[in-house]
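# Structural characterization, general
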Amino acid sequence: MIATLIRREFLEHVTSLRLSVLLIMTTGLLVTSAAYFSARYDSTTTQSPFVRPGASQGLVDKDGKTNLMMAPCTGFGLHRALSPLGFLAGAGEREFPDLVMVAPHGLKSIQRETKTGEAFEPAAPADWAYLIGVILSFGAGLLTYRSVSGERRDGTLAQVLANPVPKSMPLLAKYLAALLALAFVLTFAMASGVLTLIILGKVPLGGDDWMKLSLFWGTSILYLSFFVLLGLLSSVAGRSPMMSAAGFLLNWTLLVFIIPNLGGIIAGFDHTVLPPREISAMEQAISARYPEPPGTTLQQSSVIMLEREDASEALLIQHFHAMCGQVGTGERFARLSPSAVYAYAAEATAGGGLPRLIQFVDNAVRYRKGLFQAMLDADRSDPSSQHIYIPYRCGGNVFSPRNVDLGPAKEFRDLPPSSGESLLAAMWDLLLLGVYNLLAFAVAFTWFLRQDVAALPGE
Amino acid sequence: MTGILDIIRKELLINLLSLRFIIGLVVVMLLIGLVGYVLTLDYASRRQAYIAAAEQHSRALEDAKVYSTIKVEMDIPPNPLSLLSRGSKDLPVTITVSPYHVPTILDASGSGATISLDGTGDLPVNPLLRVFSSIDVGFIVGMIMSLFCILLVFDSFSGEKEQGTLRVLLSAPVGRLQLLAGKYCGALLSAATPLTAGLLLLVILWNISGLVTLTPADWLGLACMYAASILYLACFLALGILISLFAEESVTGLVHQLLVWVVAGIVLPAGAGYVAEFLHPILPETELIREADENYGRAYSNVRYQQTEGSWNVAYTDYAGPESFLGITEKEALNRVEYNKIIFPMKFALAEEHFHIRDAVQRSLERREEARNSLDAISPVAAYGRIVRALAGSDIGSYRRTFAAARNYRESLMEYLRPKVATAAWVTRVLDQPELQPTKENMSYWNERAKKEGEDVFLKEWWNWSRVKPLDLSAMPRPNLEVPGLRERLGDALFPCALLMVLTAGFLVMAGWKLLRYPA
Amino acid sequence: MIQAVDLTKRYEDGNLALDHLNLNIQPGQIYCLLGANGAGKTTTINLFFNFIEPTGGTALINGVDCTKDPIGAKRHAAYVSENVMLYGNFTARQNLEFFTRLAGRRELGKEDYYMVMRQVGLPERSFENRVKTFSKGMRQKLGIAIAILKQAPALILDEPTSGLDPKAGAEFMELLTRLRGEGKAILMSTHDIFRAREVADVVGIMKEGVLIMEKSRENLMYEDLEKIYLKYMEV
Ligand SMILES: Nc1ncnc2c1ncn2[C@@H]1O[C@H](COP(=O)(O)OP(=O)(O)O)[C@@H](O)[C@H]1O
Ligand SMILES: [Mg+2]
């Protein structure tokens, strides 16, 4: 029974012009977006000499030997590994810091490496999540806005329901058929995009990436399902196709354009981030807390300085987390819209976003601590050393002058999260999308079931 | 003539009383109010940061002690109109000018992009917030108000036809074109209402808060922006009416208009960006620069330097601290001046070479941008975006001018510095101040003290850089960066404006043509 | 077969569209419901298909309560609406196939559909044309074809002949009598007094939701139905 209904709806979609327009538009954009990413991905990896090797160059002398006397005083850069799936959702990948400057004794700064001609970039390069989020959600409305109100007006709904089918069946069929049609467009467009990537061959897609791509596909379907339901809801609620269309449009604009864009503005009302002047005052207060009274020996001075550095690092991390918290406030507000939820879920899936940034900084700090510990250990094993490390004073360390082997501590490993971790990171957003779906589903169906099948006279 | 006025009045009344108008008005007012408020605060903080930075940078110049290290930081004053359109995120706030660096727009990196503990400023900055796409008044008009326009006119003819009122209208002694003009003007007035109200709200907000003060030129710019926005809305309304004439049914008209909107607002700009990328690949800046540096390094090491006398400090490198250059004898200093006469012109040449590379890269980027612009030229949304950015001075064109001004300034600065830098660098300060030279008398005095107080005394007191007097830079040309003039910005906005006008006129002509053949 | 017991409908706006209607239509009977516009005919028919919920009373088809078991009831009744609107982008055959499958008959082939379409008098060349291009009469005929293929014992039609040309109208009546001969119970609302008189076994006249007259064929034999109709309308 339902198969018959779905078949008819699906046929109607497939033969309609709008689906072809959607298919062409989406495919074209996803393919070009993928190609664009591929070109970029290549240039970013080759242009930055620091991306690949573990960033312990500062400790390595001309002959490639590790020497503690060479410990860099001002810091060296640790680079965030780029996600090969950045084309899925790249806002965080693009806009968040990708470089952490550390010295062996502490975290110095978190920053973005500037890329050639950034100012020339379009304001928001369109990634897949954005394109799908805007165009296919709009398409979901196109496929559904007149389905119920139009059929009620035309009387075909009555004609269908004159048959022994449950009242909810036509709506369910419409839902599934529209979703199926969109899934077809999505799958085709995504497959074309991925194929483009494979043909261009510059972005290495590994086994885990396929899992993530499937996860992204599923997330997209969940997202589109919401907009199909929203379209059906508008079409149930609107008395005429025109009212339905206007209703859908209004909601769509609100959800896709207005709410997600207000995130940054709402975040501005979160005042947890302190002004720079206060932060530097706090840092000065730390220096005051660890004074070096006259007559301090170099040894004591080293200990005091390292304590001071630890406190500074903690302050910087705290400051960074306050900033993340502020972003979180904006994101929480934006999550009122399924569009934003989808974007964040997609970002988590692609291995980007705020959690990834925090993970990267954590990795960097952990690496820094491990490296420093290894340096201290190596130094301690050298009896000829005076075991004094002085932060900031280049070449001022009275450390072991021997060549040492720091082992694995030298390698900075910052891998993008695995598909399991991605799923975990995206979990809450996926759940939230599910909740939005359920809500829309419940409202659309109860509304429909409580409604008369017959049109008002005069419509 | 009265007929037209009646039609306009009727359209206006019907629109103003409709639900869609009220919803549109409320949404637009709320958005402009909220966004305007936040952007006003943002502008205030940028202005404050500008003032603080400018002060700090001019103070840094006062302490300059060596010609060869003079580096001028030019701060770009924020333009109050950039409130309406923020432009690219990564536009620079300062331009660095030095003998070794010719500024190009490629130096640009967004302000405050680094999270660290040292900073100044009383307002919090969070570089992470750049992850949110920026929404400004230009966006609200460009995307939201264009939708509003579609909602206003999507059924202007098809709806009346469906209701049957069109026949009644046409049976009145009014020409069809008059009817079109009346409907169009009525819609335009209705669409202009929220925009006008929103901008008034913003201006009132600026006046009350006192955070933004506008010069007469700014007011003029604002008026131009208002006019451009009206033109943009007029374009969408004309398009809407045209489609409504072609649609058999109001709903299909609406859907077609929305499709056009999605294509014009999203598909075309995004697609154009991608395609342009392939048409004009950017030059690999880093590689070219590295190559130039290597060539320079080879030439540099070919210049042999013969030390005349032993110096107290071991290393002779350009980059070890300034103290290394104090404590040399007059003879050695003069020897080094000779060396510098060869080396410094090479450094300047390298700076020029870097500039040529960067300039070529910038040109490739500009070509790409031009390609992007011509690819989505047909989209009114893109054209409007270009107009507001140009008028607000937040587009690349304005910054290009600012950088050209900075380069001009560098020329005059170099005129002043070249004779001074090329003949003498750090070492000349030793020639200025004989008390720093290791002459016999000086040596015996300081050795004496070193015996009593320890070796530290040489570095701490004798060759202490703070003993060196600051330079007298009163004759040095000072930087003066200004927001590019309104006339230039208007010039940039002219072409997209003309494009919008042509589009609008084209839509209207087509609508008139269709209306004359419209079956009522 | 088609039965209404004290069937009452009051719309949300307070309009009492149907007031304690009682009907009983036997197999092999044609019942014609007459009444001015807004009398409540469509409301009655909508109640049988549970398109709207009754305020009181019951509608039964083949003894199945149309409110409690709408699906069961709808199994036994076919519906032809006042203005049959089908899926415009589908051909006549596709529409027919779709609705027949919905009715639960999946065993039919193309020829079966063609046969029924011939039977209701659709021109051969229109079988595979899109319904969008059909005139009202053609759509009406297709609606009847749908109803026939459902092979339900009850047939409920809402002003099926409005908009049909005279020839088509006559053919349609022939078809109805044939279906009656097959033992179907037929409820039809109409404005066409003359046709009603020709084919109806029972004629009912409604006014403002009330069935104010009900006469069987025998009783009508020697009376002028038009006069009766106008008389009742005046009161
Ligand atoms: N959905 C509805 N809501 C309110 N009133 C309705 C509705 N449908 C019909 N009516 C009213 O009920 C009355 C009966 O209508 P209807 O059954 O369509 O008449 P008929 O089919 O006999 O012309 C009319 O007065 C009509 O206005
Ligand atoms: Mg009726």
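Preceding block: the structure.
This is a predicted model, so every value here is computed, not measured. (Residues numbered from 1 in each chain as written. Chains lettered and ligands numbered in written order. Predicted model: local features only at pLDDT ≥ 70, side-chain atom pairs only at ≥ 80, totals over all residues. Heavy atoms only, no water.)

## Some details on the interface of chain C and chain A
Each partner contributes residues to the interface: chain C has 26 residues there, and chain A has 22 residues. The junction of chain C with chain A conceals about 2,400 Å² of combined surface from both sides, 61% of it contributed by carbon and sulfur atoms. It is C:Phe51, C:Tyr87 and C:Leu102 that lose the most area in chain C upon contact with chain A, and together they represent 28% of the buried surface on that side. At the junction of chain C with chain A, the criterion picks out zero salt bridges. Counting the contacts that link chain C with chain A gives eight residue pairs in polar contact (both at pLDDT 80 or more). Grouping the amino acids of the side of chain C that touches chain A by side-chain chemistry returns 16 nonpolar, four polar and six charged. (Contact = heavy atoms within 4.5 Å. Buried area = accessible area lost by both parts, 1.4 Å probe. Salt bridge = Lys/Arg side-chain N within 4 Å of Asp/Glu carboxyl O. Polar contact = N/O pair within 3.5 Å; in protein donor to acceptor, adjacent residues only side chain to side chain. Nonpolar A, V, L, I, M, F, W, Y, C, P; charged D, E, K, R; others polar.)

## Quick word on the arrangement of the chains
Counting contacts across all two pairs of chains that touch, the top pair turns out to be chains A and B. Separated in space, chain B and chain C share no contact, their closest pair of C-alpha atoms being 14 Å apart.

## Quick word on the sheet that holds strand β7 (residues 154-158) of chain C
The strands that make up a sheet are held in pairs by hydrogen bonds between backbone atoms, and each pair lies either parallel or antiparallel. Residues and elements named next belong to chain C. With respect to topology, six strands assemble into an open sheet ordered β6-β7-β8-β3-β9-β10, the strand pairing being mixed. On the outer flanks of this sheet lie β6 (77-80) and β10 (210-216), each paired with one strand and no other. Each strand axis lies, on average, 15° off the axis of its neighbour in the sheet, ignoring direction. Across four bridges, the pairing between β6 and β7 is parallel. Residue pairing for β7: Val80 is matched across the bridge by Leu157. Here helix α6 (residues 166-181) sits on the sheet in contact with β3 (30-35), β7 and β8 (185-189), set at roughly 150° to β8. Along the sheet, helix α9 (residues 225-234) contacts β3, β9 (202-207) and β10; its crossing angle with β9, the most-contacted strand, is approximately 25°. (Pairing = 2+ DSSP bridges. Helix = DSSP H or I, 4+ residues; strand = E, 2+ residues; numbered from the N terminus. Axes fitted to C-alpha atoms, helices over the stretch in contact; angles between N-to-C directions.)

## Description of the interface of chain A and chain B
One frequent convention defines the size of an interface as the accessible area lost when the parts assemble. With 77 residues of chain A in contact, the opposing surface of chain B contributes 74 residues. Taking both partners together, chain A and chain B bury about 6,600 Å²; carbon and sulfur atoms supply 73% of that area. For the pair chain A and chain B, the number of links is one salt bridge. In this structure, the salt-bridge partner of B:Arg130 is A:Glu95, at a minimum N-O distance of 2.7 Å. Between the two partners, chain A and chain B, sit four residue pairs in polar contact (both at pLDDT 80 or more). Mapped by element, the contributors of at least two residues to the side of chain A that touches chain B are α2 (17-47), α3 (91-95), β4 (106-111), α4 (128-144), α9 (241-267), α10 (276-289) and α11 (298-334) of chain A.

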